[in-house]
Structures are given as C-alpha cells and as structure tokens.
Amino acid sequence: MQEKLDVVPFVSVDHMMKLVLATGVERFLIELAAYIEEDFRRWECFDKTPRVASHSAEGVIELMPTSDGETYGFKYVNGHPKNTRSGRQTVTASGVLADVGNGYPMLLTEITILTAPRTAAMSAVAAKYPAPNGARTMAMIGNGAQSEFQAIAFKAILGVDKLRLYDIDPSATMRCQKNLASIGFEINACSSSQEAVEGAEIVTTVTADKQYATILTDSMIGPGVHINAVGGDCPGKTELHRDILLRSEYPPQTHIEGEIQQLDRRHPVIELWQVIAGKAPGRSGERQITLFDSVGIAIEDFSALRYVRDRLDTGLYEELDLLANPDEPRDLFGMILRAAKAAPMPQKIGAL
Ligand SMILES: NC(=O)c1ccc[n+]([C@@H]2O[C@H](COP(=O)([O-])OP(=O)(O)OC[C@H]3O[C@@H](n4cnc5c(N)ncnc54)[C@H](O)[C@@H]3O)[C@@H](O)[C@H]2O)c1
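Residues numbered from 1 in each chain as written. Predicted model: local features only at pLDDT ≥ 70, side-chain atom pairs only at ≥ 80, totals over all residues. Heavy atoms only, no water.

1. What about the sheet that holds strand β8 (residues 162-166)?
In spatial order, the strands read β9-β8-β7-β10-β11-β12; together these six strands make up an open sheet with parallel pairing. If you trace the sheet from one side to the other, it starts and ends with β9 (186-189) and β12 (290-293), each paired once. Sheet twist, expressed as the mean angle between neighbouring strand axes with direction ignored, is 15 degrees. Pairing of β8 with β9 involves four bridges; the strand directions are parallel. (Pairing = 2+ DSSP bridges. Helix = DSSP H or I, 4+ residues; strand = E, 2+ residues; numbered from the N terminus. Axes fitted to C-alpha atoms, helices over the stretch in contact; angles between N-to-C directions.)

This is how it looks when you write it as structure tokens:
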C-alpha cells in the first residue's frame, strides 16, 4: 500500500482519553512502564540534549528533545503559574515523534494528559528495583492531579494496596480517596505528613509548591524506606530536607532541578539507568533508605510517544494534513497553482 506522505497521525485530547479508557488505566500504566524500562536499558544510545528553556516574566516555554538514532522525539511544554486566573492550565504539553531517516513526523499528540501516566509509570519503574521487597503500604503527600495515577501505577507494578494520604487541602484528599475507592485500595486519610508516613514502606511526595519546601524532615523517615520524590522538579523547588538526601544512598538524576540541587555537585549519585541495565546495584541492605529524585526527562516522553505510536492500531487518531506533498518534490509553487485551478479561489486579502 502506498504510504500517505502528506498526513501525520494526530492524537487529540479526546482520543488520548479514549485510549486510556479503552486500554484500562492499569494496563495502560503497565505497558507504558515496559516502554520506559526498555528505553532506560538502552540509555547509552540516546542523545541527551538538556531541555531548551525560554524564560519570561510570566513563565517558561521548554522543548525537551531526544533521539535514539532511528527516531526523534520532543515535547513542547509550558509552565505559567498565573494562567489559572484566565481559565488556562498552568502546564500544557504536546509532542512529536519523527523518523530520523527522512525527518518526517510520524506522530503529533497531546501530552498534557499523557504526562500523568508517564510520570507515574516512571516512578513505579524506578521503585521496582530499590523499594523494599513485598512493599504494600505507600504514603502519598500531595493528593492533586498526579496522585491517582501514582497510586494506580504502584498498585499495578509493585502490588501496593494500602494508601496513607495527606494534603494541606483536605478536599484534595477526599477527592483522591473517592476516585480510588473502587480500585481495591485500603485508604487512610491522615491529618499530617508525619501521620501519613507512619508504617509506610514507600513515601511519595507529589506536592506543588513553587519554592524550597520541606514536606519530609529527616526524623520522619525510618530505615528501609523508599522515597519517590516527584514534586521537586524545577530549580529552586524541592520537597525533602537536605539531611534525608545525605542519608539516602540512591539519589539519581539531576543536580539542577531535583532534590539533589541542595547537595554539593560532587555528592555521589547512582543513575537509575545503571540499576535497570544491571550495571549498578539497587537496594543493598534492608535498612538502606533509597530515593528516586524524579524531575521528568525527555527519554520518558520519548517512551510515551513510542507507546502511543504503537497503539495507533486502535484507530484512536485522526489524519492531519500537515506535510506538503507536491507531485514533483521541488514544485511547491506549481502545487499552489494547481490548487487554485482545482478549487474556487478564496477572496483576495488586502489590495495587492
Ligand atoms: N517529576 C515529574 O516528572 C513531574 C511530572 C508532572 C508533575 N510534576 C510535579 O508534581 C507536582 C504535583 O503536580 P500535580 O499536577 O499533582 O499538582 P496539583 O496542583 O494538582 O496538586 C498538588 C497538591 O499538593 C498539595 N500540597 C501543596 N503543598 C503541600 C504540602 N506542604 N503538604 C501537603 N500537600 C501539599 C496541594 O494542596 C495540591 O492538592 C508538581 O510540583 C508538578 O510540577 C513532576
């Protein structure tokens, strides 16, 4: 069959929601996690360009590109804290996957929704290796938009079925508890983060505070706990007390955006991909505190884009007429002239 050279599959917000629902949230997270794990295992083949950020007084616009040499992907994402005042979201994202061989886009998709399962699947993959064996109880501090996805990913991938929830806004905890009620969790709503972490083998922090915050202090974390720190993902934005970082022996990722921006640059870290690829140990003792310092990197989005591309067989996309495809590749002008003959001309604009 002749490949259509002028169209690019486009996954809208509506189609993304249908894809998640048709697949089932748990299965979606498990499959997405497998793509992330596969890509982390071949970490060394990826082009690791840092995100390209354009800052303004109102916010930031970033491009997050990467390539494995065969496929290129990038996410466009903004962060505008004041947007909610005008009814807009603070963060929105979209992404492209392209064929490195010919440069043609293979997929254009929304990623605002997709980012939540990709972040949750990433956290669960990162916990699989160092979290205590058979861990079933997770404290979740911050019960906002990301929280249900985090909980379901930890249930589907690690078997966590007991949740201890805390949010400074009790209505957020109530909503999270209600949304997760039918999914088979035993849920405790707690009145402080101190209470939430009691008895938890895994602690997830997923709060949104724009500056250095101390959601967890050193005394709250006992031996053997795995911490999944998701909310500290910008320069100047952290959730953990520095002393926890000094006690943790598994603080991967970046010194710029993550929790470990609080530490000296020379502080030793083990990168997650090394653990997944079997090049470095995960947990090496029952009392060890392990920490996944999640900041969200381009490879995670690349894996998510690959997953969505492989799910196009569901038919949940539309064909976007995005690429000019003249009969003769160099005859772009002729293509416009032929279009004028084929269809009635729109009214001329201005007095040219
Ligand atoms: N690492 C990544 O890849 C990644 C991806 C997506 C989002 N994030 C980050 O995750 C965080 C949560 O995102 P979201 O979309 O769920 O935000 P959200 O605004 O929907 O929810 C955040 C919740 O945290 C609560 N909160 C704030 N301060 C708190 C505190 N001191 N103690 C307890 N709860 C507190 C708020 O009341 C709110 O309910 C954000 O910081 C976001 O930037 C990280």
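2. A look at the state of the cysteines
A covalent bond between the sulfur atoms of two cysteines is what we call a disulfide. In this structure the tally under the stated criterion is zero disulfides. With no disulfide partner, cysteine 190 has as its closest neighbouring cysteine sulfur the one in cysteine 176, 12 Å distant. Exposure remark for cysteine 190: the relative accessible area of 9% places this residue in the buried category. (Disulfide = S-S within 2.5 Å. Buried < 20%, exposed > 50% of the residue type's maximum accessible area, 1.4 Å probe, protein only.)

3. Observations regarding the nonpolar core
Ranked by internal contacts, the top residues of the largest apolar core, which has 60 residues, are Phe40, Leu163 and Leu180. Considering each element in turn, this core owes the most residues, eight residues, to helix α3 (residues 112-128). Setting aside anything within four residues of it in sequence, one finds leucine 180 in contact with Glu148, Ala151, Ile152, Leu163, Phe185 and Ile187. Counting residues in hydrophobic clusters, the runner-up holds 22 residues, among them Ile141, Tyr166, Ala213 and Ile244. (Core = buried A, V, L, I, M, F, W, Y, C linked by side-chain atoms within 4.5 Å. Contact = heavy atoms within 4.5 Å.)

4. Overview of the sheet that holds strand β13 (residues 318-321)
Strand order in this open sheet of seven strands is β2-β3-β4-β5-β6-β1-β13, and the pairing throughout is mixed. Two strands in the sheet have a free side with no partner beyond their single neighbour: β2 (52-55) and β13. Taking the axes of each pair of neighbouring strands and ignoring which way they run, one obtains an average angle of 20 degrees across the sheet. Note that strand β5 (residues 93-99) and strand β6 (residues 105-110) share five bridges and pair antiparallel. Among the inter-strand pairings, valine 96 is bridged to a residue of β6, identified as leucine 108. Helix α1 (residues 13-23) contacts β1 (7-11), β6 and β13 of the sheet and is inclined by roughly 65 degrees relative to β1.

5. Section: the packing of aromatic side chains
Evaluated as defined, the whole model comprises six aromatic pairs. Each ring, one from phenylalanine 40 and one from tryptophan 43, has its centre 5.2 Å from the other, and the planes form 45 degrees; the classification is tilted. For phenylalanine 40, a relative accessible area of 1% gives the class buried. For tryptophan 43, a relative accessible area of 13% puts it in the buried group. Through pairs of rings, three or more aromatic residues link up here, namely Phe28, Tyr35 and Tyr307. (Phe/Tyr/Trp six-rings, centres within 6.5 Å; stacked < 30°, edge-to-face > 60°.)

6. Some details on the pattern of salt bridges
Within the structure shown, the criterion is met by 23 salt bridges. Across the pair arginine 27 and glutamate 31 runs a salt bridge, and its minimum N-O distance is 2.6 Å. Residue arginine 27 and its partner glutamate 31 are both found in helix α2 (residues 25-41); the two are separated by four residues, about one turn of the helix. Glutamate 31 sits in the partly exposed class, given a relative accessible area of 22%. Across the salt bridge formed by arginine 175 and glutamate 148, the nearest N and O atoms sit 3.3 Å from each other. Here arginine 175 is found in helix α5 (residues 170-180), whereas its partner glutamate 148 is found in helix α4 (residues 147-158), with 27 residues between them in sequence. Residue classification places arginine 175 among the partly exposed residues on the basis of a relative accessible area of 36%. Each member of the salt-bridge network shares a partner with another, and the members are Glu38, Asp39, Arg42, Asp68 and Arg306. (Salt bridge = Lys/Arg side-chain N within 4 Å of Asp/Glu carboxyl O.)

7. Here we look at the packing of α4 against α5
Interaxial distance between α4 and α5 falls to 10 Å at its minimum, and their mutual angle equals 40 degrees. Here α4 lies oblique to α5, going by the angle between them. The interaxial crossing formed by α4 with α5 has right-handed handedness. On α5, the residues touching Ser147, Glu148, Ala151 and Ile152 of α4 are Arg175, Cys176, Asn179 and Leu180. Here the residues of the contact of α4 with α5 are counted per class, giving four nonpolar, two polar and two charged. (Parallel < 35°, antiparallel > 145°, perpendicular 65-115°, else oblique. Left-handed = near helix turned anticlockwise from the far one by under 90°. Nonpolar A, V, L, I, M, F, W, Y, C, P; charged D, E, K, R; others polar.)

8. Some words on the side chain of threonine 204
For threonine 204, the position within the fold is in strand β10 (residues 202-205). A distance of 3.0 Å separates a polar atom in the side chain of threonine 204 from a polar atom in the side chain of asparagine 228. Apart from the residues lying within four places of it in its own chain, the contact partners of threonine 204 are Met138, Ala139, Met140, Ile141, Gln150, Phe154, Asn228 and Val230. (Polar contact = N/O pair within 3.5 Å; in protein donor to acceptor, adjacent residues only side chain to side chain.)

9. A closer look at a nonpolar patch on the surface
A cluster of nonpolar side chains, contributed by Val52, Ile61, Leu63 and Tyr76, occupies part of the molecular surface with about 310 Å² of accessible area. Checked against the element boundaries, leucine 63 lands in strand β3 (residues 60-67). (Patch = residues over 30% accessible without salt bridge, like charges linked within 9 Å, V, L, I, M, F, W, Y side chains within 5 Å. Areas by Shrake-Rupley, 256 points an atom, 1.4 Å probe, with all protein chains shown as cover.)

10. Quick look at the side chain of threonine 205
Examined against the element boundaries, threonine 205 turns out to sit in strand β10. Among the residues examined, threonine 205 registers a relative accessible area of 0% and is labelled buried. The contact partners of threonine 205, leaving out residues within four places of it in the chain, are Ile141, Ile215, Leu216, Asn228, Ala229, Val230, Gly231, Glu239 and Leu240.

11. Re the environment of alanine 34
By the element assignment, alanine 34 lies in helix α2. Judged by relative accessible area, alanine 34 falls into the partly exposed class, the value being 42%. Between the alpha carbons of alanine 34 and tyrosine 307 there is a distance of 9.3 Å; along the sequence they are 273 residues apart.

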